[in-house]
Amino acid sequence: MARPKSELKSAFGRGQEILFALLEGVEDVGGTDNDARKIVTDKKLQRQIAQLLVSIKTLFAPVNYDDPAHRRIDREKYYNVADSLRSEHFPIRHSGQANVTYAYVTFDHDPTTQEVLDEVERRGDVELPDFANTRDFHNANPDERKKAPVISLCGAIVSRDGRRGVACVLADAGGLGRGWSWVGGRWSRCCRFLVVRKSR
């Protein structure tokens, strides 16, 4: 009779595999054990590695940039729409159809909108979505917003009342809303900021 496999032993073995793979990666880029040990004490580094691993998850949606629904605001489909928003605040940057790959930008603190904009620019391999990207993403991935808030800074940046604001879409378990995000305003650290992977 076959002996049952130990779940603890299997888990330990898989943990070793992950550790060895990480150490090999550090060596491949010229690092040392001291560099690897930073993971134990450097919380920021831990989060950066975690964000990179999580971002590998593929999120995608077929996007029809020519859909006329992207160019109007159907207020009854949102739990809230700022009165000052107009369709021209959400320009569509592309035309035709495409299969679009998405990712999230996240933070270990409550970021300002400016920090989000700066981080997207710093990463270089992603860009902010437009409203067509945003709408079709949520149509294709309706459960994502139920896990944690998904923020799309998908509109124009304009000056209003002496402040700079970005037209945006907030999606959470309660539904979708469209409003303004002031550049200096802060978001909760639980928010995930939707971005589009640039085509190579």
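Structure: above.
First, a word on what this report is: a plain description of the structure on this page. Owing to the predicted nature of the structure, the values given are computational and were not obtained by experimental measurement. (Residues numbered from 1 in each chain as written. Predicted model: local features only at pLDDT ≥ 70, side-chain atom pairs only at ≥ 80, totals over all residues. Heavy atoms only, no water.)

**Re the environment of Trp-180**
Moving on, step 1. In this fold, Trp-180 is placed in strand E8 (residues 175–182).
Moving on, step 2. As a C-alpha pair, Trp-180 and Asp-125 span 55 residues in sequence and 25 Å in three-dimensional space.
Moving on, step 3. Sequence-distant contacts of Trp-180, defined by excluding residues within four places in its chain, comprise Ala-82, Ser-84, Leu-85, His-89, Ala-156, Val-158, Arg-160, Gly-165, Val-166, Ala-167 and Cys-168.
Moving on, step 4. Among the polar contacts made by the side chain of Trp-180, one reaches the side chain of Ser-84 at a distance of 2.8 Å. (Helix = DSSP H or I, 4+ residues; strand = E, 2+ residues; numbered from the N terminus. Contact = heavy atoms within 4.5 Å. Polar contact = N/O pair within 3.5 Å; in protein donor to acceptor, adjacent residues only side chain to side chain.)

**Description of the pairing of strand E7 (residues 163–172)**
Moving on, step 1. Across three bridges, the pairing between strand E5 (residues 150–152) and E7 is antiparallel. Following the sheet pairing, Ile-151 is matched in E7 by Leu-170.
Moving on, step 2. Across four bridges, the pairing between strand E6 (residues 157–160) and E7 is antiparallel. Following the sheet pairing, Ile-157 is matched in E7 by Val-166.
Moving on, step 3. In sequence, E6 turns back onto E7 through a hairpin of two residues, with Asp-161 there showing a positive phi of about 55°.
Moving on, step 4. Here eight bridges tie E7 to E8, and the two strands are oriented antiparallel to one another. Each residue of the ladder has a partner; that of Gly-165, found in E8, is Trp-182.
Moving on, step 5. The antiparallel hairpin formed by E7 and E8 contains two residues in its connecting segment. (Pairing = 2+ DSSP bridges.)

**Details of the pattern of salt bridges**
Moving on, step 1. Across all of its chains, the model carries 12 salt bridges by this definition.
Moving on, step 2. Measuring nitrogen to oxygen at the nearest pair gives 3.8 Å for the salt bridge that ties Arg-197 to Asp-125. Linking Arg-197 in strand E9 (residues 192–197) with Asp-125 in the loop between helix H4 (113–123) and strand E4 (126–127), this pair joins segments that are 72 residues apart in sequence.
Moving on, step 3. As a salt-bridge pair, Lys-147 and Glu-144 come within 2.8 Å of each other at their nearest N and O atoms. (Salt bridge = Lys/Arg side-chain N within 4 Å of Asp/Glu carboxyl O.)

**Description of the packing of aromatic side chains**
Moving on, step 1. A complete count under the given rule lists five aromatic pairs for this structure.
Moving on, step 2. Each residue in the set Tyr-102, Tyr-104 and Phe-137 is aromatic and connected to the rest through ring pairs, giving one cluster.
Moving on, step 3. Just above the ring of Phe-90 sits the side chain of Arg-178; from NZ or CZ to the centre is 4.2 Å.
Moving on, step 4. A cation over a ring is seen here: Arg-192 above Tyr-104, with NZ or CZ 4.4 Å from the ring centre. (Phe/Tyr/Trp six-rings, centres within 6.5 Å; stacked < 30°, edge-to-face > 60°. Lys NZ or Arg CZ within 6 Å of the ring centre and 35° of its normal.)

**Digging into the nonpolar core**
If you look at soluble globular proteins, the nonpolar side chains tend to sit buried side by side.
Moving on, step 1. If you look at the biggest cluster of nonpolar residues, it comprises 26 residues, and the most contacted ones within it are Leu-85, Phe-90, Tyr-102 and Phe-131.
Moving on, step 2. Elements that contribute at least two residues to this core include exactly strand E1 (59–64), strand E3 (97–105), helix H5 (131–140), E7, E8 and E9.
Moving on, step 3. Within the second largest apolar cluster, 16 residues are counted, among which are Phe-107, Cys-168, Cys-191 and Phe-193. (Core = buried A, V, L, I, M, F, W, Y, C linked by side-chain atoms within 4.5 Å. Buried < 20%, exposed > 50% of the residue type's maximum accessible area, 1.4 Å probe, protein only.)

**A closer look at the pairing of E8**
Moving on, step 1. Burial analysis of E8 places seven of its eight residues in the buried class, the great majority of the element.
Moving on, step 2. Where strand E2 (residues 80–81) meets E8, two bridges bridge the pair, whose relative direction is parallel. The partner of Val-81 across the bridge, within E8, is Arg-178.

**Notes on H4**
An α-helical turn contains 3.6 residues, so a residue and the one three or four places further along point in the same direction.
Moving on, step 1. Within the sequence span of H4, burial applies to Thr-113, Val-116, Leu-117, Glu-119 and Val-120. Relative to the axis of H4, the buried residues are bounded by an arc of 165° and lie together on one face. The exposed set on the far side of H4, more than 90 degrees from its buried face, consists of Glu-121 and Arg-122.
Moving on, step 2. Each element contacted by the buried residues of H4 is listed here: E3, E4, E6, E7, E8 and E9.
Moving on, step 3. Downstream of H4 by one or two residues, Gly-124 has phi in the positive range, about 80°. (Arc of directions from axis to C-beta.)

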